[in-house]
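Summary of structural features
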Amino acid sequence: MTTPYEEIENLLADAELEAANAAITELLDKNADDIDALVFRARLLGSTGHPDEAMSSLNKALNLDATHIMARTFKAALLYDSENYEKAEALLTDVLKSDDTIHAAWFNLARCQARKEDFETANTSLDKALSGDAKNAHYLFAKSNVMEQLGHGEEAFEILKASVEANPTLERGWYVLCFWLLEMEQAEEAIHNLKQAVELVPDSVGLQELLGRASVESGNTDDAIKLFGKLLDKNSENAGMWFNYGAACLAGEQFGDAEVAFRRAVELDPEDLEAIHELANLIQLSGDPQAITEAEGLLTQLIKKAPESWEVQNDLGRLYLGQDTPESKEKGLRCFEKAAELGGNDPLVLFNLALASAELEDLSRARELCGQIMKHPDTPDEIKERAEDLRVSLSEAQ
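Structural notes, computed from the coordinates. The structure displayed is predicted, hence computed values, not measured ones. (Residues numbered from 1 in each chain as written. Predicted model: local features only at pLDDT ≥ 70, side-chain atom pairs only at ≥ 80, totals over all residues. Heavy atoms only, no water.)

**Thoughts on helix H8 (residues 119–132)**
Helical periodicity: at 3.6 residues per turn, an α-helix aligns residues three or four positions apart in one direction. The end-to-end C-alpha distance of H8 is 20 Å, a good match for the 20 Å that 14 residues give at a rise of 1.5 Å each. Looking at H8, one finds that the buried residues are Phe 119, Ala 122, Asn 123, Ser 125, Leu 126, Ala 129 and Leu 130. The arc that holds the buried residues of H8, viewed along the axis, is 165 degrees, so those residues lie on one side. Those residues of H8 that are exposed and aimed more than 90 degrees away from the buried face are Glu 120 and Ser 131. Elements that come into contact with the buried residues of H8 comprise helix H7 (103–115) and helix H9 (137–149). (Helix = DSSP H or I, 4+ residues; strand = E, 2+ residues; numbered from the N terminus. Expected span 1.5 Å × (residues − 1). Buried < 20%, exposed > 50% of the residue type's maximum accessible area, 1.4 Å probe, protein only. Arc of directions from axis to C-beta. Contact = heavy atoms within 4.5 Å.)

Here you go:
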């Protein structure tokens, strides 16, 4: 038969917070000086975003027993969370001198060590934490992060999966797992996992957003548009949500809705450079002179805010190159030259520079650039084909 304290420990581990709170309150109603119950109350308060009240509960426990191991351990965790790192580490070191079997202390000490980028030592501390609680999802998640920092990517990924298996409601575990899958270009697998995650953690806006982004990446734009549309019903003042909705509409070729979304994103966050960039590129597609002027202004504004961005220089160059006057094409050429300088001669920029050179009748330079593109080790096949077609047309024009 389990004790009331063991039941509370299990409830906290299973994130049954309401039931845990009721059990803790019952203990404290019987004895307001129940130190273990005060520590449980502090852990519950800390996990639900009430650090000051949690610290108050721990201090009360420590006033009753200054040597209480778990009260000191969780006080150290709160100190860490409030950025009192040195005090936290000192207290944890002291706790482990008293009892080196406290896995929560090893875990929190590992957090201190990882923050200082001492990942080898942090890894050792996490192993000691896991030796005391091998199925703790938070310990496994931290271990995965440390292993990644140590360059053991495959092992880190497997440990991350184990953390989610240990606690299927671990939101950040699901998020990182699916983010890694997207980085590995496994969008369908990411979507499969994210659908499970959203069912298990239905209140997580972050997981729903990631599902929408994964849907765009896998070509399921209709699903993404519907999902972001629903999210906007409750997050209409969220600039990032409008951006994601705009990106989904753009991928689904719903250009009117995309423009509305990007304009709203910029309105809510005038410093969102990515939204400004997308808006500028989108509105110039119409070819309308007024839209071209607005796009030019937006891209020029972006260059002032992000002078090192070769992508913006390249897009402003494309805008100028699409106009009829030699003066505009010369401006485009200068933009491409700057973009090439900033982007380390990116093949796409070199191709645009070759086009601009050809249109300004500098054919020898255009041919030379085509040759560079063909020899560039990172040139995609599509750009190689376009460069070869341009080179052939230039030869025929001689």
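Now that the structure has been shown, the text picks up again.
**Examining helix H19 (residues 310–321)**
Spanning 12 residues, H19 covers 16 Å between terminal C-alpha atoms, matching the ideal 16 Å at 1.5 Å per step. The inward-facing, buried residues of H19 contact helix H17 (273–283), helix H18 (289–305), helix H20 (326–342) and helix H21 (347–359).

**Description of the side chain of Asn 314**
Structurally, Asn 314 is set in helix H19. Leave out the neighbours within four places in its chain, and Asn 314 touches Phe 336, Ala 339, Leu 348, Val 349 and Asn 352.

**A word on unusual backbone geometry**
For Glu 253, which is not a glycine, the phi torsion comes out positive at approximately 60 degrees. Structurally, Glu 253 can be placed in the loop between helix H15 (239–251) and helix H16 (255–268). When its relative accessible area of 61% is taken as the criterion, Glu 253 is described as exposed. At Asn 345, a residue that is not glycine, the phi angle is positive and equals roughly 60 degrees. For Asn 345, a relative accessible area of 37% gives the class partly exposed.

This is a description of form; function is not addressed.
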